[in-house]
Every structure is written in structure tokens, then in C-alpha cells.
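Take a look at the letters that make up each chain.
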Amino acid sequence: MKGSRFPHARIAVTTLTLALSKGRIFEETLPLLAAAGIVPVEDPESSRKLIIGTNRPGVSVVIVRASDVPTYVQYGAADVGVAGKDVLLEHGSEGLYQPLDLEIGKCRMAVATRRGYDWAGTVQRGARIRVATKYVRTAREHFAAKGMHVDLIKLYGSMELAPLAGLADVIVDLVSTGNTLKANDLVAVEDIMPISSRLIVNPAALKLKRAEVQPLLEAIARAVEGRRKAVQ
Ligand code: PRP
């Protein structure tokens, strides 16, 4: 830089990138970001842009698929992200700091079958079953812990169709209102775990961008705490 015509070129402008997915996570994260003084300037539902600016210079939001959020944060392409526990369990938590349960996107991971399917009998007999799911890792661990032998079939969506079409005996999927199961004549026969969305942070960003990241984490933590107290 010696003799540079641009003496200020060495001064790095710290930027902060947040990775969010469209839909429920984005909507429910907005008030938490607002509590930290961050307001996106566009709505990803109406904009085709994948990088959205905010009211804060240097702070932007990248819109990615829910299952890609941990990847962006792990590699440092985003500093902070919001990801469901379901996604984090499948991705693995290596290279991710998870400081906070945001208590949004709440639902449960469950085993579901066709109505009338003899689940209790199947478990009792120790029969080998076919399980269709997007959550292969979580399902494998769940059935292994029960000592059940399963063949796992990876799907990327519309899991509810699998038992109806004869692809699988059961599914492992997220259940929120239960409407999708009901509409397809399926029933939840076993709860695996409660699910909610977590804040995830790139560990290097936490160190190198502490001045930006730490106040963000603290403001979001206060907002989550405040909301919890308000509903109690
Ligand atoms: C999720 C899940 C179920 C549905 C459950 O799918 O996979 O299909 O929501 O919600 P409910 O109990 O309120 O009916 P989502 O709509 O997120 O799409 P996906 O199939 O792409 O995961």
C-alpha cells in the first residue's frame, strides 16, 4: 500500500451477512432483527433478489434454502443464520456456534402412518419396516435407539404421499398443525422431538467481528426473553 493513491483502501469496512430462508423463518425472525435495529429493505416473497440490503449500512441478508443455511454459515459466506433444529441435526453442528434457541418455527418431529396401520403390533413383532423421510439421520438414530430394523428411503418433500402410494410403511416428518397428516388420512404414532429454530454463528466471525456480532446476539437474546415473559 506504500505510495498508494488510495490510502484508505487498507481500512476494511466490516460487513455482516445474515442467512435466512423464505417463509415462516423469515417472517418470525423479522421482529427479532428489528429488536437489534436491523430492518431488511425488501420482502423476499415479492422480490427475486437473493441478497437483500437492510437499513444498516454493511448489514445484508442472503436468502437461501432452509437446508443450505448451515452450509453458508459454516463456510463463513454468512456470519449468522437461522436454522431449524431439524435441519441442524441432519447437517451436523461441526463448525457452527449455536448460542440461542429463538423459540420460533415451533413444531415436532414425528413418526406417522396410514390411519388403521397396526403400529403397536409392528413394534412388538420387531418387523422390519420401510421409512420414507427427508430426515434420514434423525430417523436412523431414533429407530436404532428403539432397536428397530428399518430401511430408510430419502425423499425431498411430500413425505405424506409415501405410505399412500405404497413406497413406505411410515414417514418421519415435521408436524405443526397436523392438517397435512389429517388431509392425507395419516396419524402421528410417535413423537421424536420438539423442533424450533436456532441462531447459528460462524465461530471465526464471532471472534473477528465481535463488535458487530455480540450486540446482535445480545439484542436477539433480550427479545426472545422478553417475548417469553410476555406470553407467561
Ligand atoms: C412441512 C412438513 C409437513 C407440513 C406439516 O412441510 O413437511 O408436510 O409442513 O405442517 P402441518 O402439520 O401444519 O400441516 P412444508 O410445508 O414446510 O414443506 P416441505 O414439504 O417442503 O418441507
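Predicted, not measured: the structure shown is a model, and the values here were computed from it. (Residues numbered from 1 in each chain as written. Predicted model: local features only at pLDDT ≥ 70, side-chain atom pairs only at ≥ 80, totals over all residues. Heavy atoms only, no water.)

1. Quick word on the overall build of the protein
- Check the secondary structure of the protein and you find 9 helices and 11 strands.
- A principal-axis box enclosing the C-alpha atoms of the protein has dimensions of 80 × 40 × 30 Å.
- For the protein, with 232 residues in total, the buried portion stands at 43%.
- Counting every atom, the protein has about 12700 Å² of accessible surface; 53% of that belongs to carbon and sulfur. (Helix = DSSP H or I, 4+ residues; strand = E, 2+ residues; numbered from the N terminus. Buried < 20%, exposed > 50% of the residue type's maximum accessible area, 1.4 Å probe, protein only. Areas by Shrake-Rupley, 256 points an atom, 1.4 Å probe, with all protein chains shown as cover.)

2. Quick word on the domain arrangement of the protein
- When its domains are assigned, the protein resolves into domain 1 (16–105 + 196–231) and domain 2 (107–195).
- On a C-alpha basis, the centroid separation for the pair domain 1 and domain 2 is 30 Å.
- Between domain 1 and domain 2, the residue contacts involve 9 residues of the former and 12 residues of the latter.
- Carbon and sulfur atoms make up 47% of the surface buried where domain 1 meets domain 2, a total of about 830 Å² over both sides.
- Interface area lost by domain 1 to domain 2 is led by Asp-86, Leu-89 and Glu-90, which between them contribute 60%.
- Linking domain 1 with domain 2 are 0 salt bridges.
- Seen at the junction of domain 1 and domain 2, the total is 5 residue pairs in polar contact (both at pLDDT 80 or more). (Domains from an automatic or database assignment. Contact = heavy atoms within 4.5 Å. Buried area = accessible area lost by both parts, 1.4 Å probe. Salt bridge = Lys/Arg side-chain N within 4 Å of Asp/Glu carboxyl O. Polar contact = N/O pair within 3.5 Å; in protein donor to acceptor, adjacent residues only side chain to side chain.)

3. Focus: the pattern of salt bridges
- Counting across every chain of the model gives 11 salt bridges.
- Of the charged contacts in the structure, one is a salt bridge between Asp-101 and Arg-198, with a shortest N-O distance of 3.7 Å. One end of the pair, Asp-101, is in strand S5 (residues 97–101); the other, Arg-198, is in strand S11 (residues 197–201), with 97 residues separating them in the sequence.
- In this structure Asp-101 comes out as partly exposed when scored by relative accessible area, which is 28%.
- On the accessibility criterion, Arg-198 (18% relative accessible area) is buried.
- Overlapping salt bridges, with partners in common, bring together Glu-103, Glu-225, Arg-228 and Lys-229 in one network.

4. Thoughts on helix H5 (residues 136–145)
- Within H5 the residues assigned to the buried category are Val-136, Thr-138, Ala-139, His-142 and Phe-143. The buried residues of H5 occupy one face: seen down the axis, they fall within an arc of 160°. Projecting away from the buried face of H5 at angles above 90 degrees are the exposed residues Glu-141, Ala-144 and Ala-145.
- Residue Gly-147 follows H5 closely and has a positive phi angle near 75°. (Arc of directions from axis to C-beta.)

5. Quick word on the packing of aromatic side chains
- All told, the structure shown has 1 aromatic pair when counted by the stated rule.
- Between Trp-119 and Phe-143, the ring centres sit 6.4 Å apart and the planes meet at 70°, which makes this aromatic pair edge-to-face. Separated by 24 residues along the polypeptide, Trp-119 in helix H4 (residues 119–125) and Phe-143 in helix H5 bring together distant segments of the chain. In terms of burial, Trp-119 and Phe-143 fall into one category: buried. (Phe/Tyr/Trp six-rings, centres within 6.5 Å; stacked < 30°, edge-to-face > 60°.)

6. Overview of the site of the ligand
- Close to the ligand lie Lys-134, Ser-158, Glu-160, Asp-173, Leu-174, Val-175, Ser-176, Thr-177, Gly-178, Asn-179 and Thr-180, which account for all nearby residues.
- In the environment of the ligand, an oxygen atom lies 2.5 Å from a nitrogen or oxygen atom belonging to the side chain of Thr-177.
- Within the contact set of the ligand, an oxygen atom lies 2.7 Å away from a backbone nitrogen or oxygen of Gly-178.
- Calculation on the ligand without its partners gives an accessible area of 500 Å², and the protein chains cover 61% of this total. (Near = heavy atom within 4 Å.)

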